[in-house]
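Close look at the chain arrangement
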Amino acid sequence: MSDCKHIYISKIGGHEGEDICLKGWLYGKRSSGKLHFLQVRDGTGIIQAVVFKGDVSEEVFATAGKISQESSIEVYGTVKEDKRSHIGYEIAVKDLKLVSEASEYPITHKEHGVAFLLENRHLWLRSPKQLAILKIRHQIIKSVRDYFNNNDFLLVDAPIFTPAACEGTTNLFETEYFDEKAYLTQSGQLYMEAAAMAFGKVYCFGPVFRAEKSKTRRHLTEFWMVEPEMAYYDLKMDMDLAEDFIEYIVQSVVKHNRKDLELLERDISKLENIKKPFPRITYDEAIEILKQKGKEIEWGEDFGGDEETAISENFDRPVMIHRYPTKCKAFYMKQDPENQDLALCVDVIAPEGYGEVIGGGQREDDCDALLEKIKEHNLPQEAFEWYLDLRKYGSVPHAGFGLGIERTVAWLCGLHHVRETIPFPRMMERIRP
RNA sequence: UCCCCGGUAGCUCAAUGGCAGAGCAUUCGGCUGUUAACCGAAGGGUUGUAGGUUCGAAUCCCACCCGGGGAGCCA
């Protein structure tokens, strides 16, 4: 038996009638007198292995009857087609090897509370639903990289340690850096601007950190962001890129993860519909929509989660809101030459209330104007000398954006909360496991 | 930081001032096609922590701890 070929469950269809070996874990078990039904998982799928008393030794039959949930096992048997199976095949077991017996496994197939599951996140990952989510996350990340790699962008990794500077330090995680303090990055953007002046079209992709005391379904303290930055791009080109990029990611998930989306009971038609062009509205038009809906909002205020959801309800695909008031955006945003009160920026709000997935815009490329902004925001000029250098040595119009991976995963998977979109979520109230 | 809700068996919950309970999980027994299998039995408790009220507290009061939901915050 030990010379049987090891086959992954996802590939079982090509081996009908053959004697094979499965290497995995016991997902579930039912017994019926002279039969044991073992649900075996191996990370690629779940299949039922049937142990009939007449087919195996007494020892093997007894072992099959007492294997505990999540014990690791090797199963030897014949692949058989069976209409009753959800994947179309079963294994008729000939022999079994208990690799390691699991003691009482805490996560059952019944309902559990969120707190309990998060405390057991290291085990929760074994559940089919979590596997489907992480497979979709994998595809999203792959698509992100494929998109930029296929469109002449250079990957430039941004640093994680950053010096004290950008916009005060209240939202940054502080850490010891030899004899001085350093902070964990909350964005690679400023470094990408430097890289864009060197290489033209660049992107970074990595974890970023926010020490905000935010307790909502859209926030994590550690999350992953992809940030492209392009020299000689204006706001319109930036928006065109964001639109094309999102369409590519969504359609690649629709194409490659249909089974995972079905397992998550996602309405796939809503994703199939995510095609260019996306609606584009100005901040002023967004305010009009909110006022029509009876929301109390004044011109100049930024949008919260409720406002974003209200606006997104008017559209069946991502909506691009551009030209926010300068005062509610960051210092590096370029002012609209046609209206100094507006910034050349864009937020992309996902449909179905999933909120902002992209924030970006055209950067201030004039050295004097940028210096003025740094002073207005009471930022320490010396920390930005290198950033100002980019405007001194061959400044060009440039633009970019950042896309939050977890919010994108939550949207495509149809999840209520971002905590399930990352293997080990880091939140204000939770850092374990 | 603020507001709301919660903490009872491994898990999900019940018991609202008077004997600490159920389902699932676990263990044992039964069943040749189970799909969250089913049937029978058993074991399993410092009711988050500390104090107070009371003849008597899981239950009422106070403080604290932990968690959940939301807000603010959020390049």
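Placed above this text is the structure.
Let me sum up the structure you'll find in this document. The model shown is predicted, which means the values in this text are computed figures rather than measured ones.

Let us look at the sheet that holds strand β19 (residues 398–404). Read across the sheet, eight strands follow the order β7-β11-β12-β19-β18-β17-β14-β13 without closing on themselves; strand pairing throughout is mixed. Either end of the sheet is taken by a strand with one partner, and the two such strands are β7 (154–155) and β13 (280–282). The pairing of strand β12 (residues 222–231) with β19 spans five bridges and is classified as antiparallel. Paired with Val226 across the bridge in β19 is Leu403.

Attention now moves to the pattern of salt bridges. Summed over the entire model, instances satisfying the criterion amount to 26 salt bridges. Salt-bridge contacts for Arg430 lead to Glu119; the nearest nitrogen and oxygen are separated by 3.9 Å. In this pair, Arg430 sits in the segment after α13 (405–413) while Glu119 sits in helix α2 (residues 114–119), placing the two residues 311 residues apart along the sequence. When its relative accessible area of 17% is taken as the criterion, Arg430 is described as buried.

Counted under the stated rule, the structure contains 20 aromatic pairs. Ring plane angle 70° and centroid distance 5.3 Å describe the contact between Phe331 and Phe384, whose orientation is recorded as edge-to-face. Within this pair, whereas Phe331 is found in the loop between β14 (319–322) and β15 (335–336), its partner Phe384 is found in the loop between α11 (367–376) and α12 (385–392), the two being separated by 53 residues in sequence. Judged by relative accessible area, Phe384 falls into the buried class, the value being 1%. Measuring from centroid to centroid gives 6.4 Å for Phe384 and Tyr387, while their planes differ by 65°, and the two rings are edge-to-face. In this structure, Phe384 and Tyr387 share a single accessibility class: buried. Connected via pairs of aromatic rings, a cluster forms that spans Tyr147, Phe148, Phe153, Tyr203, Phe245, Tyr248 and Phe401. Just above the ring of Tyr324 sits the side chain of Lys329; from NZ or CZ to the centre is 4.3 Å.

Bringing the protein's contact with RNA strand B into the picture now. Around RNA strand B sit 42 residues, and of these Arg30, Ser31, Glu90, Ser187 and Arg419 come closest. Backbone atoms, meaning sugar and phosphate, form 49% of the atoms of RNA strand B found within 4 Å of the protein. Backbone polar atom of Lys34 to a phosphate oxygen of RNA strand B: 3.5 Å apart, as the coordinates give it. In the environment of RNA strand B, a base nitrogen lies 3.3 Å from a nitrogen or oxygen atom belonging to the backbone of Lys215. Where the surface near RNA strand B is concerned, the elements lending two or more residues are β2 (19–32), β3 (35–41), β4 (46–52) and α2. Of the residues that constitute the surface near RNA strand B, the class distribution is 10 nonpolar, 14 polar and 18 charged.

Reading the values: the criteria
Residues numbered from 1 in each chain as written. Chains lettered and ligands numbered in written order. Predicted model: local features only at pLDDT ≥ 70, side-chain atom pairs only at ≥ 80, totals over all residues. Heavy atoms only, no water. Pairing = 2+ DSSP bridges. Helix = DSSP H or I, 4+ residues; strand = E, 2+ residues; numbered from the N terminus. Salt bridge = Lys/Arg side-chain N within 4 Å of Asp/Glu carboxyl O. Buried < 20%, exposed > 50% of the residue type's maximum accessible area, 1.4 Å probe, protein only. Phe/Tyr/Trp six-rings, centres within 6.5 Å; stacked < 30°, edge-to-face > 60°. Lys NZ or Arg CZ within 6 Å of the ring centre and 35° of its normal. Near = heavy atom within 4 Å. Polar contact = N/O pair within 3.5 Å; in protein donor to acceptor, adjacent residues only side chain to side chain. Nonpolar A, V, L, I, M, F, W, Y, C, P; charged D, E, K, R; others polar.

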